[in-house]
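# Examining the three-dimensional arrangement
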Amino acid sequence: MRIGVLTGGGDAPGLNAAIRAVTRKALAEGMEVLGFRNGWLGVLEKDFTPLDMHSVSGILYRGGTILGTSRTNPYSRQGGPEEIHENLRDLEVEALVPIGGEDTLGVARRLSQEGINLVGVPKTIDNDLYGTDYSIGFDTAVGVVMDSLDKLHPTAEAHHRVMLVEVMGRDAGWVATLGGLAGGADAVLVPEEPFSLEKLYARLRKRHEELGKLFSIVVVAEGARPRDGGQAVVGGTQVDEFGHIRLGGIAHTLASQIEAATGYETRVVVLGYLQRGGTPSAFDRVLATRLGVAAVELIKAGQFGVMVGLKGNRILPISLEESLSQTHSLDRDLYHLADLFY
Ligand code: F6P
């Protein structure tokens, strides 16, 4: 049996661990593996490389993806889906393992409805995929935020400054919430709860003027926006093939407002792509390995049209239909747990 694997959407640490697991398990089952390059683009263009033990040796700890990725949407291209069906037939690929987020797996769902055999693996630092408690890359991104906050505390304290740290997550506040909790942020702003500027000012004043804490660290999710109906700040006008506009810039806007309202010297750090880089955490390596192996087991069992996910400590399948009909929304109790420490 010949199967294909691809990595699509934003890269994340752990992708190579997943590619390695899919390949090693498939080879152990006597399957052949084709690695399609650059997400769905590789399937559209028949751009692939055979994967064997040698191909995946020594990649477990590497960030990024040996196959490359892209934000290619075959359904936004004339004849794209037909091309995919034809190429998979020509190459005699009997099943696919797409590793990606809502966009990549959204394409997978449609192809599955059209008869392509596939099992999805959840990957996104945003952690917004329903049907899995953790997506590949999320834990590592949280670690980057935590390490950054640890580094920023001393300099903020030395200069008695407010430090705004803008983090990724698109429309989800998971990275901001867990990164803020782990790093001891004094306030965390997330897309799910539009913030009140007055409340933020009051919190900063309380620290600086009542508690004698002359510095503050505020984590701001890139998709956060003010309560007065303001929209998230975007970093340009271009949209990708899935219609996503690039977010970014909220922290700079907020810095000027805080300085004007409170007089506190404020600085900004935008963590950006550091959250997608580096070596995967132990948690992400193990998660990616378990998910990759489980995906091949489901292919062997002939169970398609699903995504494998972590529920508690078990790896379970969920239909792509059910997974993609909703999002893994931020746990509000977890978000408000941080309130205790402000
Ligand atoms: O979806 C993952 C993510 O890192 C988001 O958090 C972020 O907004 C987006 O990708 C950035 O997209 P790109 O890598 O295409 O700039």
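The preceding data block contains the structure.
Residues numbered from 1 in each chain as written. Predicted model: local features only at pLDDT ≥ 70, side-chain atom pairs only at ≥ 80, totals over all residues. Heavy atoms only, no water.

### Focus: unusual backbone geometry
Positioned with a positive phi, lysine 46 is a non-glycine residue whose angle comes to about 50 degrees. Its location among the elements puts lysine 46 in the loop between helix H2 (40-44) and strand S3 (48-51). Take lysine 46: its relative accessible area is 34%, and that puts it in the partly exposed class. A positive phi angle, close to 55 degrees, is found at glutamate 92, a residue other than glycine. Relative to the helices and strands, glutamate 92 is located in the loop between helix H3 (80-90) and strand S4 (95-100). For glutamate 92, a relative accessible area of 56% translates into the label exposed. (Helix = DSSP H or I, 4+ residues; strand = E, 2+ residues; numbered from the N terminus. Buried < 20%, exposed > 50% of the residue type's maximum accessible area, 1.4 Å probe, protein only.)

### A look at the sheet that holds strand S8 (residues 216-221)
Ordered in space as S7-S8-S6-S11, the 4 strands form an open sheet in which the pairing is parallel. At either margin of the open sheet sits one strand with a lone partner, and together these are strand S7 (187-189) and strand S11 (266-270). Ignoring strand direction, the axes of neighbouring strands in this sheet form an average angle of 20 degrees. Sheet topology note: the S7/S8 ladder contains 3 bridges and is parallel. Bridged to leucine 189 within S8 is valine 220. (Pairing = 2+ DSSP bridges. Axes fitted to C-alpha atoms, helices over the stretch in contact; angles between N-to-C directions.)

### Section: the sheet that holds strand S12 (residues 306-311)
Read from one edge of the open sheet, 7 strands run S3-S2-S1-S4-S5-S12-S13, paired in mixed fashion. Both outer strands of the open sheet, S3 and strand S13 (314-319), are each paired with one neighbouring strand and no more. When strand polarity is set aside, the average angle formed by the axes of neighbouring strands in this sheet is 30 degrees. The sheet contact formed by strand S1 (residues 2-7) and strand S2 (residues 32-36) spans 4 bridges and is parallel. Looking at the pairing, valine 5 lines up with glycine 35 of S2. Against the sheet, helix H4 (residues 102-113) makes contact with S1, S4, strand S5 (119-122) and S12, and its axis sits at roughly 155 degrees relative to S4, the strand it touches most. (Contact = heavy atoms within 4.5 Å.)

These figures capture arrangement, not role.
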